[in-house]
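Working through the structure, step by step
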Amino acid sequence: MMGQMMQMPLMISSLLVHAARHNGDVEIVSKRVEGDLHRYTYRDAELRARKLAQALAKLGCEPGDRVGTLAWNGYRHLEIYYGASGSGLVCHTINPRLFPEQITWIVNDAEDQVLCFDLTFLPLVEKLAPHLHSVKHYVLMTDRAHMPAQTALADLKCYDDLVEAENGDYAWPEFDENTASSICYTSGTTGHPKGAVYSHRSTLLHAYASALPDAMDCSAKDVILPVVPMFHVNAWGLPYSGALVGAKLVMPGPHLDGKSLYELFESEKVTFSAGVPTVWLGLLTYVKQNKLKFSTFKRTVIGGSACPPAMIRTLEDDYQVSVIHAWGMTEMSPLGTLSKLKAKHVELPRDAQQHILEKQGKVIYGMDMQITDDDGRVLPWDGKTSGNLVVRGPWVIRQYFKRDDSPLHDGWFPTGDVATIDPDGYMQITDRSKDVIKSGGEWISSIDLENIAMAHPAVHEAAVIACRHPKWDERPLLVVVPKPGQQVARDELLAFYDGKIAKWQVPDDVVFVEEIPHTATGKIQKLKLREQFAQHVLPTC
Ligand code: ADP
């Protein structure tokens with residue numbers, strides 16, 4: 001016997017229609033590249049997204065065509081998310097911080113038909129255009145008044161003109177929920193970037209799951225400021241989950257420095273945010289230097305790379321902001337696990353709770369995970385045994401764009417991360433498999449060593465990489481950026497590890513640098529650091 005419920009495909013457009021109908025007066029506030037603050041409502045956004053869908057059809061876009069974006073977090077970008085995907089096109093967010101050659105490669109691989117971009121990126125697009133083979137229309141995401149008098153781009157279109165020329169008399173179409181909705185490329189630290197193609201169904205299930213109380217806990221009472229860019233795995237789904245719950249959205253545009261963010265948090269009464277650890281380093285330095293407090297900001301998701309426990313402590317103890325440590329990947333839409341306490345943890349002492357919250361957390365329902373050894377044997381969840389982390393679920397890719405070979409092993413996606421899982425299901429990342437330090441057959445977690453260094457009061461940022469060693473193969477080297485105006489000696493830093501970790505795991509040496517290189521998504525660029533210090537001779541050699 002079959003169930004007798006209505007067959008309604010899960011459509012991305014339905015999120016914005018719902019927001020417009022039930023939370024129509026809720027605001028979306030955006031800092032614009034043009035310099036001012038723009039405000040409108042979900043009702044306005046839905047109408048403009050419909051007009052955009054009409055305009056894209058008029059440009060000749062057909063179902064399945066890709067619409068590329070090079071843009072900051074803002075309302076026009078949000079309209080493209082919904083206007084493109086909602087009308088059956090595929091929204092392709094491109095990370096503008098990638099190397100120009102990578103951007104060119106990605107646009108050509110995705111075969112973008114339309115490229116929409118913020119004013120910031122006009123010079124970049126002018127330079128790249130001769131190499132972009134598929135793009136038929138260039139659209140500058142601004143109004144008529146800010147269009148350039150001259151440009152190398154033939155027939156450059158004005159986004160606001162395109163939208164405002166339409167009447168909005170458009171009905172969102174319904175089609176197969178497994179249709180492609182958007183595409184994101186991995187940053188491709190080795191080889192070419194690879195495209196992860198999301199569907200309407202995967203995006204909606206991810207939005208439902210990520211809004212749950214034990215995940216990001218989003219509600220209509222929230223004011224959400226996604227610091228994580230809309231070009232970094234769809235801002236971790238916040239443009240969708242925000243609309244799903246009807247939360248006010250605050251978009252920071254290109255203004256991501258500590259001062260601008262702090263002022264926006266305060267003026268718009270932000271309650272919830274999300275970003276990679278490096279962003280919080282900047283914001284925390286600013287609030288500390290200026291002895292400021294947050295008046296409405298209550299919680300934040302931190303993920304993308306391991307959040308140092310010292311940062312969790314500072315945010316919680318000094319600023320009363322609770323941190324939700326999260327783990328995921330582009331290939332996972334991206335959310336996999338988040339760290340939240342269970343009922344049985346409520347009575348635990350603060351330190352024991354903290355220890356749990358420092359882990360990468362439990363899976364959200366819908367996601368499934370395991371750890372395995374190199375032969376694929378499933379390893380125990382004892383909190384000690386570490387193994388290769390594999391996942392599966394309806395918002396995990398089964399294939400990369402244009403690649404025939406399957407990345408899956410026995411139906412599971414190998415994440416490339418090494419992790420432990422404790423009996424309560426809390427997962428902790430030990431390392432990325434390629435960053436683990438292999439010392440005399442034993443593995444040392446670079447994340448553990450970085451976390452300890454980050455707790456030293458004079459350390460602004462720390463990275464640990466493997467350095468060649470004639471006897472042990474590899475030994476850890478600590479790379480440190482001291483806090484502005486502070487000094488710390490090598491021996492003092494090494495002594496700081498005493499009692500916190502086994503002696504043989506303590507780094508062999510420390511180097512001080514002014515800056516640690518970051519990837520386009522704000523992660524420490526270990527590959528570059530390893531190249532930079534390839535010739536470094538450890539004192540123990
Ligand atoms: P990109 O490098 O393109 O930003 P992803 O965002 O997909 O790629 O990176 C996913 C990887 O980031 C994970 O496989 C993991 O190694 C790392 N990562 C993400 N969140 C965390 C976290 N909370 N702790 C440790 N590592 C993390």
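Model, not experiment: these values are computed from the prediction. (Residues numbered from 1 in each chain as written. Predicted model: local features only at pLDDT ≥ 70, side-chain atom pairs only at ≥ 80, totals over all residues. Heavy atoms only, no water.)

Overview of the sheet that holds strand E17 (residues 368-372)
Worth spelling out the cut-off: Here a strand pair is declared whenever DSSP counts at least two bridges between the two strands. Here a helix means four or more residues in a row that DSSP labels H or I, a strand means two or more in a row labelled E, and each is numbered from the N terminus. To get an axis, a line is fitted to the C-alpha atoms, and for a helix only the part in contact is used. The angle between two axes follows their N-to-C directions and goes from 0 to 180 degrees.
In spatial order, the strands read E17-E18-E19-E20; together these four strands make up an open sheet with antiparallel pairing. Since the sheet does not close on itself, it has two edges, and those belong to E17 and strand E20 (427-432), each with one partner. With direction set aside, neighbouring strand axes in the sheet form an average angle of 45 degrees. Judged from the five bridges that link them, E17 and strand E18 (residues 387-392) form a sheet pairing that is antiparallel. Within E18, the position partnered with Thr-372 by the bridge is Asn-388.

Focus: the pattern of salt bridges
Let me state the cut-off plainly: Within this document, salt bridges are pairs made up of a side-chain nitrogen of Lys or Arg and a carboxyl oxygen of Asp or Glu, the two lying within 4 Å of each other. Think of it in three bands: with a 1.4 Å probe and only protein chains considered, a residue is buried below 20% of the maximum accessible area for its type, exposed above 50%, and partly exposed in between.
Within the structure shown, the criterion is met by 34 salt bridges. In this structure, Asp-375 and Arg-377 form a salt bridge, with 3.3 Å as the shortest nitrogen-oxygen distance. Just as Asp-375 is exposed, Arg-377 falls in that class too. A single salt-bridge network, built from bridges that share partners, covers Glu-34, Arg-48, Arg-76, Glu-79, Asp-160 and Glu-164.

Points about the pairing of strand E1 (residues 27-31)
On any regular strand, side chains alternate: one points to one face of the sheet, the next to the other face. Along E1, four of the five residues are buried, which leaves the element largely enclosed by surrounding structure. With five bridges connecting them, E1 and strand E2 (residues 37-41) associate as antiparallel partners. Counted as the bridge partner of Glu-27 is Thr-41 from E2. Here E1 folds back onto E2, and the loop between the two strands holds five residues, one of which, Gly-35, carries a positive phi near 110 degrees. Here E1 pairs with strand E11 (residues 248-251) via three bridges, running parallel. Of the residues in E11, the one forming a bridge with Ser-30 is Met-251.

A word on the environment of Glu-177
Heads up, the condition is: For this analysis, residues touch if any pair of their heavy atoms sits within 4.5 Å.
Locating Glu-177 in the fold gives a position in the loop between helix H6 (159-164) and strand E8 (180-185). Ignoring sequence-local partners within four residues, the contact set of Glu-177 consists of Met-8, Pro-9, Leu-10, Met-11, Ser-199, His-200 and Arg-201.

Quick word on the site of the ligand
How we decide: For this purpose, a residue is taken to be near a molecule or strand whenever a single non-hydrogen atom of the residue falls within 4 Å of it. Pairing of N or O atoms within 3.5 Å defines a polar contact, subject to two protein rules: one partner must be a possible hydrogen donor and the other a possible acceptor, and residues neighboring in sequence count only if both atoms are side-chain atoms. Side-chain classes follow a simple rule in which Ala, Val, Leu, Ile, Met, Phe, Trp, Tyr, Cys and Pro form the nonpolar group, Asp, Glu, Lys and Arg form the charged group, and the remainder, Gly included, forms the polar group.
Ala-326, Thr-330, Asp-417, Thr-521 and Lys-523 are the nearest of the 17 residues found near the ligand. A distance of 3.1 Å is found between an oxygen atom of the ligand and a side-chain nitrogen or oxygen belonging to His-232. With respect to the ligand, the backbone of Ala-306 contributes an N or O atom lying 3.2 Å from a nitrogen atom. Elements that contribute at least two residues to the shell around the ligand include exactly strand E14 (322-328) and strand E19 (413-421). Per-element tally for the shell around the ligand: the top contributor is E14, with four residues. Counted by class, the shell around the ligand contains four nonpolar, ten polar and three charged residues.

Quick word on the domain arrangement of the chain
Put simply, the rule is: Bear in mind that the domain bounds are from an automatic or database domain assignment. Buried area, as used here, totals the accessible surface that two parts lose on assembly, with accessibility defined by a 1.4 Å probe and the loss added over both.
Domain annotation for the chain reports domain 1 (12-208), domain 2 (369-431) and domain 3 (437-532). Of note, the centres of domain 1 and domain 2, computed from C-alpha atoms alone, are 33 Å apart. If you look at the interface, domain 1 gives 15 residues, while domain 2 gives seven residues. Taken together, the two surfaces of domain 1 and domain 2 that pack against each other cover about 930 Å², and 66% of this comes from carbon and sulfur. The tally of links between domain 1 and domain 2 comes to one salt bridge. A salt bridge links Lys-402 to Glu-111; the nearest nitrogen and oxygen atoms lie 2.6 Å apart. Along the contact surface separating domain 1 from domain 2 lie three residue pairs in polar contact (both at pLDDT 80 or more).

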